[in-house]
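Take a look at the letters that make up each chain.
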Amino acid sequence: MSSSRSERHSAQRAFRRLPLLVIALLLMIVPPTVAWAGQINYASGTNGVGGTFPTSGEAVRSYNQVWHQSGYYWWVWYLHGSSQTGLVYDNANPTKYPGGSGTIAYAKCSNQNDNSGVTWTCQTTTP
Amino acid sequence: MKRLITSSSSVLLGFSAAVGALLAVSVVAFADTGSGQVTAARASVDPTTLLDSFQRPRTERDALSPEVDSELRTLSSTAPSDALAPGDPVAARSRRVTHDDGTTFFLVPTTRKQLCIAVVPGGAAGCTAGIGLAEDGVEFQLVDSDGLGQGDPTVVRGIVAAGAAGLEVASASGTHEAALVEGTFSISLSDVPTAVVVPMRDGSVRQVTIPAPPQP
């Protein structure tokens, strides 16, 4: 009888600790996920036709995009050494390459003809 | 006397309205860009009025996939400013167009009279106010995962205005005809595309040059 009561108390204590366990697990899992998917604005401005804008450094990227007034063409791409990957030319908003860079790369965006006067913003991710 | 006053008031009111309308048109036609550069505003058009896929009744097959629905719903909320937010997608008006090679276009109007386009597999969603469609008869994107002229083909895809008789993409190796399906097209090229050409049913031809990409 006493043994059974003791077992029941142990089970209740374990059950009470379950939320703590879940929180601890989340704290271990969530920060790396958030850090991996961290979005940055690497350039922003108005007009500037012909301008090319790079990130300040290289990193493994998850995507590269520019928000801009629709109807005006923009380029986005990754630069690895001297070669381009993830090249997109589009006038839709956002203009986006949805794939990753694979290896470390600069993310770049370039304004082909956007003289709309609307503020544009280039975004990518950083580890 | 009373009639004269009423008549004068009407003339004054009409004159004020005319001046007001002219001022409003001027404000719309020219926007100061804030950098001393004044640019002519380009009129947006409801893109659904220019696309073949919206001239037919919607069917159950036009429903959005859950992935595309989810992606489009987050677009407006992630725009960096309200001016760039395309509006909320109106899923009940979506159209789905599938090509022989399996490329599928989801075309979704928004609450701001824009049209969001998601291409699967592999494409990202983007939205248009129809400016290029109205001016050039075509809006397109070029995608090359490994850079122009490398191993993977260059994909050119987009939408054309109703009234287009076809669509061709020019490159150094010649002119390549793309299949039009309800106003959408997608074509893969092994060399670098230089222009998109749209022959219209009225005999005119519209052409949009694809510029060389910027230096790496």
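Please read all numbers here as calculations on a predicted model, not as lab measurements. (Residues numbered from 1 in each chain as written. Chains lettered and ligands numbered in written order. Predicted model: local features only at pLDDT ≥ 70, side-chain atom pairs only at ≥ 80, totals over all residues.)

K.L.:
Explain the sheet that holds strand 4 (residues 104–109) of chain B to me, please; I cannot follow it from the model alone.
P.N.:
Adjacent strands of a sheet pair through backbone hydrogen bonds, lying either parallel or antiparallel. Residues and elements named next belong to chain B. Strand order in the open sheet formed by 4 strands is 3-4-5-6, and the pairing between neighbours is antiparallel. At either margin of the open sheet sits one strand with a lone partner, and together these are strand 3 (95–98) and strand 6 (126–128). This sheet shows a mean twist of 25° between the axes of neighbouring strands, independent of strand direction. As paired strands, strand 3 and strand 4 are joined by 4 bridges and run antiparallel to one another. (Pairing = 2+ DSSP bridges. Helix = DSSP H or I, 4+ residues; strand = E, 2+ residues; numbered from the N terminus. Axes fitted to C-alpha atoms, helices over the stretch in contact; angles between N-to-C directions.)

K.L.:
Just to check I follow, could you spell out the interface of chain B and chain A for this structure?
P.N.:
One widely used convention gives an interface's size as the accessible area the parts lose upon coming together. With 36 residues of chain B in contact, the opposing surface of chain A contributes 33 residues. Of all the elements in the fold, those that place two or more residues in the side of chain B that touches chain A are strand 6, helix 3 (131–136) and strand 7 (138–144) of chain B. Looking at the side of chain B that touches chain A, the element that brings in the most residues is strand 7 of chain B, giving 5 residues. Looking at the side of chain B that touches chain A residue by residue, the classes come out as 19 nonpolar, 13 polar and 4 charged. Bridge analysis of strand 5 (residues 83–90) of chain A against strand 7 of chain B gives 4 bridges, and the strand direction is antiparallel. Paired with leucine 87 of chain A across the bridge in strand 7 of chain B is aspartate 144 of chain B. (Contact = placed C-beta atoms within 7 Å. Nonpolar A, V, L, I, M, F, W, Y, C, P; charged D, E, K, R; others polar.)

K.L.:
Which parts of the structure should I look at to understand the environment of leucine 87 of chain A?
P.N.:
Note on placement: leucine 87 of chain A falls in strand 5. C-alpha separation for the pair leucine 87 of chain A and tyrosine 97 of chain A, spaced 10 residues apart in sequence, amounts to 7.1 Å. Not counting the four nearest positions on each side in its chain, leucine 87 of chain A is found in contact with Trp77 of chain A together with Asp144, Gly147, Leu148 and Pro213 of chain B.

K.L.:
How do you make sense of the pairing of strand 3 (residues 64–67) of chain A when you look at a structure like this?
P.N.:
Consecutive residues of a regular strand have side chains that alternate between opposite faces of the sheet. All names here are of chain A. Because side chains alternate across strand 3, one face comprises the buried residues Asn64 and Val66, and the other comprises Gln65 and Trp67, equally buried. Judged from the 3 bridges that link them, strand 3 and strand 6 (residues 95–97) form a sheet pairing that is antiparallel. Within the sheet, the bridge partner assigned to valine 66 lies in strand 6 and is threonine 95. Examined bridge by bridge, strand 3 and strand 8 (residues 120–126) share 4 bridges and lie antiparallel to one another. Paired with tryptophan 67 across the strands is threonine 121, a residue of strand 8. (Buried ≥ 20, exposed ≤ 12 C-beta atoms within 10 Å, placed from the backbone.)

K.L.:
It is not clear to me how the environment of serine 101 of chain A should be interpreted in this structure. Could you clarify?
P.N.:
Residue and element names in this part refer to chain A. Residue position: serine 101 is located in the loop between strand 6 and strand 7 (106–111). Here serine 101 falls in the buried class, since 24 other C-beta atoms lie within 10 Å of it. Linking serine 101 and leucine 79, residues 22 residues apart in sequence, is a C-alpha distance of 8.8 Å. Serine 101 has contacts with Val60, Arg61, Tyr78, Thr85 and Gly86, leaving out every residue within four places of it along the chain.

K.L.:
Whenever I open this one, the environment of valine 97 of chain B confuses me. Can you help?
P.N.:
Within the element layout of this structure, valine 97 of chain B appears in strand 3. Setting aside residues no more than four positions away along its own chain, valine 97 of chain B makes contact with Ser53, Phe105, Leu107, Val181, Glu182 and Thr184 of chain B.

K.L.:
Please clarify how the sheet that holds strand 9 (residues 167–171) of chain B should be interpreted in this entry.
P.N.:
All names here are of chain B. Strand order in the open sheet formed by 4 strands is 10-9-12-13, and the pairing between neighbours is antiparallel. Because the sheet does not close on itself, it has two edges, and the strands there are strand 10 (174–178) and strand 13 (205–209). Mean inter-strand twist for the sheet, computed between neighbouring axes without regard to direction, equals 25°. When strand 9 meets strand 12 (residues 193–199), the two strands line up antiparallel, connected through 4 bridges. Looking across to strand 12, one finds that valine 169 is bridged to valine 196.

K.L.:
How do you make sense of the nonpolar core when you look at a structure like this?
P.N.:
What tends to happen in soluble globular proteins is that the nonpolar side chains get buried as a cluster. Residues Cys116 and Ile117 of chain B are the most contacted members of the largest nonpolar core, which totals 65 residues. In contact with cysteine 116 of chain B, not counting residues within four places along its chain, are Leu72, Leu75, Pro86, Pro89, Val108, Thr110, Ala125 and Cys127 of chain B. (Core = buried A, V, L, I, M, F, W, Y, C linked by C-beta atoms within 7 Å.)

K.L.:
I keep staring at the confidence of the model for chain A and nothing clicks. Help me out?
P.N.:
As a general rule, the predicted coordinates of low-pLDDT regions are not to be interpreted in detail. Mean pLDDT for chain A: 84, with 71% of residues reaching 70 or above. Taken as a whole, residues 29–36 of chain A scores under 50 in pLDDT and shows 2 contacts with residues more than four places along the chain or in a different chain. (pLDDT = per-residue confidence, 0-100.)

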